[in-house]
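So you can see what is in the structure, the chains are spelled out below.
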Amino acid sequence: ILQNLSKQYNKLYENKTQVGVIEIKGTLYSAKKHVKHLKEFFENKDIKAILLKMDCPGGSAGTSQAIYSEILALKEQNGSKPVIALVENMCASGGYYVASAADYIVASPSSMVGSIGVYIAHPQFKDFIEQFKVKYSVTKSGLYKTAGDPLTELTEPAKEMFQNLTNNVYEQFVSEIKARRPKLAALDEKSWAEGRILTGNEALKVGLIDAVGSYSHAVKAIKDKAIIE
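Residues numbered from 1 in each chain as written. Predicted model: local features only at pLDDT ≥ 70, side-chain atom pairs only at ≥ 80, totals over all residues. Heavy atoms only, no water.

A closer look at the overall build of the protein
Counting its secondary structure elements, the protein contains 8 helices and 7 strands. Relative to the globule expectation of 17 Å for 229 residues, the C-alpha radius of gyration of the protein, 23 Å, shows a markedly less compact shape. The principal-axis extent of the C-alpha atoms belonging to the protein is close to 85 × 50 × 30 Å. Burial status across the protein gives 36% buried among its 229 residues. Taking as baseline every contact in the protein between residues at least 6 positions apart, the subset at least 24 positions apart corresponds to 69%. Roughly 13,800 Å² of accessible area belongs to the protein as shown, and the carbon and sulfur atoms make up 53% of that amount. The positive charge centre, built from 29 side chains, and the negative charge centre, built from 25, are 5 Å apart in the protein. (Helix = DSSP H or I, 4+ residues; strand = E, 2+ residues; numbered from the N terminus. Rg over C-alpha atoms; globule rule 2.2 N^0.38 Å. Buried < 20%, exposed > 50% of the residue type's maximum accessible area, 1.4 Å probe, protein only. Contact = heavy atoms within 4.5 Å. Areas by Shrake-Rupley, 256 points an atom, 1.4 Å probe, with all protein chains shown as cover. Lys, Arg positive; Asp, Glu negative; His and termini not counted. Charge placed at Lys NZ, Arg CZ, Asp CG, Glu CD.)

Given below as structure tokens:
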């Protein structure tokens, strides 16, 4: 009986105010882990805010977009739970895509921010294998089926297709960043996009982030936005 009473009364005095912390670190190839944690934190009523600790050079466009979209969808479903992003070293490309879903971004003055752009790599080994008299042939159906095969020549139609792909993804990237960071819409994209990497100080000037600072600045932002002790 005493144990049951103790549990019941202890619950009344437990601190119900919590902040969920998610580390988004390294190259992004899968959204599964981050989406799982985001869902748990948004649905937990004791968690009043979420801190994204960013140290990410980027990754797959689809993964970055999936995490970005999930943050916005969960915010809409679960009310105004603030999300703060903190950058110590790097928040670039797909990493910045994710961070842009936050309500407030804090970065250290010398951190690397931005790199808003898209690329598809095309390693070419055809000349290399031919030095060793190795022949490589492919039977295919469809003009573009071997596009990107490193052992075949990259044709002009294939180059055009890949360029259209990168342009389309880039346009989505830039459009969604502008929607989250309205100040950027008035600026020339060359000053903040096109793969440009900026320091935290430079990123603040153009509007990619909201403040330069460190952990304590992120904590203050959480207190202000979540209205918690």
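From this point, things continue past the structure.
Comments concerning the environment of Leu154
Here Leu154 lies in the loop between helix H5 (126-131) and helix H6 (156-180). A residue is classified by how much of its surface remains accessible, and Leu154, at 17% relative accessible area, is buried. Distance in space between the C-alpha atoms of Leu154 and Tyr144 is 9.9 Å, their sequence separation being 10 residues. Contact partners of Leu154, with chain neighbours within four places excluded, come to His122, Gln124, Gly148, Lys159 and Phe162.

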